[in-house]
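Architecture at a glance
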Amino acid sequence: MASQLSQQYAFRAQKSMGLVSGTPTYMPIEGFAVPDVPARTYHYSPDGRLFAYALPTVVRIFLAEGAQLLQELSVPNIIELKFSPRGTYLSTWERPVKLEDGAQHKNLRVFSASTGEELISFTQKSQENWDLQYTMSESHAIRLVAQEIQVYRPAEWGKGIADKLRVEGASMVSLSPGLNPSVAVFVAEKKGAPAVVKIYGLSTLSGAPTCSKTFYKADRAQIKWNDLGTQALVLTQTEVDNSNMSYYGETGMYLLSAAGNFDCRVTLDKEGPIHDVSWSPNSKEFGVVYGYMPAKTTLFDQRVRTLHDFGSSPHNFISFNPQGRLVALAGFGNLAGKIDIFDRRTLTKICTIDAPNTSYCEWSPCGRFLLTATLSPRLRVDNGMKVWHCTGGLMHVQLVEELYQASWRPTPLDQAPPFGSTIPAAPQPSISVLTAALTAKSVTPKPAGAYRPPGARGLATPAIFKREDEGGAPRMPTGSGSATPPRGYNRSSNPPGSMGHANGAAPSNGNGHYQNGNGGRRHVPGAAPKTPSTAPAPGAEGGDKKPKKKGKKREKGPGEAGSGAATPTGEASVRPSIDVTVVGTQTPGQGSVPPTPGAELLDPVAKKVRNLNKKLKAIDELKEKANRGERLEATQLKKMEGEAEIRKELSSLGITA
């Protein structure tokens, strides 16, 4: 049986769908026919034996090995489908609609995977937690209906409900794995009453709960069981954070034992949300990523004792490989997409994988490979899948436009190849890795440095914009001893760096103010030129009007000019101009304004080469668009035709493009 379950993964996109074999070939499965219309969803059975997908009008069930068609169910408008643990039953869900006769729409159906017969149907309005939950042996199946837990026996669907339990306020139910299954029920906090999680034995559902835990600050919860079904982690969350520290509400975590002999709150030593939590396959430890970024990752045992602290890093994802030997810590979403692989035995880092824009990550059943995918609509560019080895090597690349779904084919642990006592070496990568490396656009990291405005970038950067260690002029210390040059208000119309500028070489007037270098004349923008004016004679129009007094009249000292009023001789005194001539300054006719600093360093040939290179870069981008099948405009095609002339012109300048 182990030889029949080969490594395989599936993907679903807007225009394609496929089953692909794993290491070492990564070739499409022969015999699988891609459907003519886009599929809405697909699902593997948990034992990896069956594969099914839903089209707008039909659902098809295949043998995953060899892609042999088993059944075709004529049920339209299916949105979700899921197999039972052993692949015996297939559940489908469609959106509920109002029937003409007023009857309830049975939109949740259960079919036999082998015969295609519809066994039972239900009304299920919500898409969240829509499916029935089965025990590992498929002996029982449960669902929550209006605060009532209903239990069915799949071997006797026709007999209806076998057992039931009503829990007031129940909003979520979770069935544990393992040989002795338990049922955990969550009741949210309401009207001052605390939230509660109760655990019942499935065989003694009508009896008292084996474990019960109450707590506050819990509007909703996630319940994660370990593989043995003996303990459950309850991750609680509120809609609103009353401390205003988080937009997404407050989070908390509790550990409960199904037998009722242990329960406690998982106390975390860093403030912030709980990003992710994962049980180890050995069911004896779990890892938590928590706290404000950079988040902290810690391993705890089954009694919430700290086993190891991985420190603080930008992570929000944790996953053990199926054998529990390796741990993957990663930062996805708005983080950089770095994946750190640790050896659980030695707790040392094996490698770091750079997988930016990843929206899905999953270990292979053999525990040696990681599948990362960039999915739509999370990101609509660079969609595709990559397979990485646990030592960091890239094994396979497959780019697919508008990729919606990707996953490994499940394989039971006892049928997967053993991991071994040492970390296995990476096999030879597929040819797709080399092809992707040749076609990928090389992106060289830009060297970090001081910011320069666009006009100061290029081959001929003026010295005024260069740092001292790049050949620029050394910074001259200011008179005040401050590291920041003076930024006093200046009325000069001359450009910075010229003689007339306040920070230039203009002389000071002795009061700490710089002259403008314009012959000592003060220029007011927008003001009319100053010319001597004569006051009207006595008796003329307006001459009899006296100016208003604005205070006591000050006696004039010797040598002071008049105020502009008529003198006893009848002549009007000349109003003094505010233009002041300073001895030693340069008049407009005595010289010319020096050029802008750095202008003499600009190289016309370098500027021309830079402009030609820009045109070549634009042509390369247009070629890539054409290769992707995008439609180009006539002007863009004409621009591409001029590539030869541009390269010829570069060659004439002695530049090889």
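Here, the structure is the one placed above.
In this report, we go over the structure that sits alongside the text. What you see is a predicted model, and the numbers here were worked out from it, not measured in a lab. (Residues numbered from 1 in each chain as written. Predicted model: local features only at pLDDT ≥ 70, side-chain atom pairs only at ≥ 80, totals over all residues. Heavy atoms only, no water.)

A few points about the overall build of the protein
Put simply, the test is: By the criteria applied, helices consist of DSSP H or I runs no shorter than four residues and strands consist of E runs no shorter than two, each listed in order from the N terminus. When checking whether two residues touch, look at their non-hydrogen atoms; a contact exists if any pair is within 4.5 Å.
The helix and strand tally for the protein stands at four helices and 35 strands. Taking contacts inside the protein between residues at least 6 apart in sequence as the whole, the part at least 24 apart equals 43%.

Section: a nonpolar patch on the surface
Note the following rule: Nonpolar side chains (Val, Leu, Ile, Met, Phe, Trp, Tyr) are joined into patches within 5 Å and like charges within 9 Å, using only residues with over 30% relative accessible area and no salt bridge. Values of accessible area rely on a 1.4 Å probe in the Shrake-Rupley scheme; residue burial ignores everything except the protein chains shown. We count a salt bridge whenever a side-chain nitrogen from Lys or Arg sits within 4 Å of a carboxyl oxygen from Asp or Glu.
Together, Ile431, Leu434 and Leu438 line one region of the surface with nonpolar side chains, adding up to about 360 Å² of accessible area. Here Ile431 is to be found in helix H1 (residues 431-439).

Thoughts on the sheet that holds strand E17 (residues 195-201)
Spelled out, the test is: Whether two strands pair comes down to DSSP finding at least two bridges between them. For helices, the fitted axis covers only the stretch in contact; all axes are lines through C-alpha atoms, and the angles between them, taken along N-to-C directions, range from 0 to 180 degrees.
On the basis of which strands lie adjacent, the open sheet formed by four strands has the order E15-E16-E17-E18 and antiparallel pairing. With partners counted over all chains shown, the strands left at the sheet margins are strand E15 (170-175) and strand E18 (211-215), one partner each. Taken over all neighbouring pairs, the strand axes of this sheet differ in orientation by 15° on average, direction set aside. Relative to strand E16 (residues 182-187), E15 runs antiparallel, the two being bridged by five bridges.

Some thoughts on the sheet that holds strand E13 (residues 148-152)
Taken in spatial order, the four strands line up as E11-E12-E13-E14 in an open sheet, and their pairing is antiparallel. Of all the strands in the sheet, the pair left with one neighbour each is strand E11 (133-134) and strand E14 (163-166). As paired elements, strand E12 (residues 141-145) and E13 share five bridges and run antiparallel to each other. Bridged to Ala141 within E13 is Tyr152.

A word on the pairing of E13
To keep things clear, this is the line we draw: Think of it in three bands: with a 1.4 Å probe and only protein chains considered, a residue is buried below 20% of the maximum accessible area for its type, exposed above 50%, and partly exposed in between.
In terms of burial, E13 is largely enclosed, as five of its five residues are buried. Across the two faces of E13 the burial is the same, with Glu148, Gln150 and Tyr152 and Ile149 and Val151 all buried. With antiparallel pairing between neighbouring strands as the criterion, E12 and E13 make up a hairpin whose turn holds two residues, including Ala146 at a positive phi of roughly 50°. Here four bridges tie E13 to E14, and the two strands are oriented antiparallel to one another. Of the residues in E14, the one forming a bridge with Ile149 is Leu165.

Considerations on the packing of aromatic side chains
So the rule is basically this: Note on ring pairs: Phe, Tyr and Trp rings are taken, using the six-membered ring of Trp, and paired if centres are within 6.5 Å. Classes follow the plane angle, with under 30 degrees stacked, over 60 edge-to-face and the rest tilted. Definition used: whenever NZ (Lys) or CZ (Arg) falls within 6 Å of the ring centre and also within 35 degrees of the ring normal, the charge is taken to sit over that ring.
Going through the model one piece at a time under the given rule, you end up with 18 aromatic pairs. Ring plane angle 15° and centroid distance 4.4 Å describe the contact between Phe215 and Tyr254, whose orientation is recorded as stacked. Taken together, the residues span a long stretch of sequence, with Phe215 in strand E18 and Tyr254 in strand E21 (residues 251-257) at a distance of 39 residues. Judged by its relative accessible area of 4%, Phe215 falls in the buried class. Owing to a relative accessible area of 6%, Tyr254 belongs among the buried residues under this scheme. Cluster of aromatic residues (ring-pair linked, three or more members): Phe32, Tyr42, Tyr44, Phe51, Tyr53 and Phe62. In this structure, Arg303 packs its charged tip against the face of Phe262, placed 4.5 Å from the ring centre.

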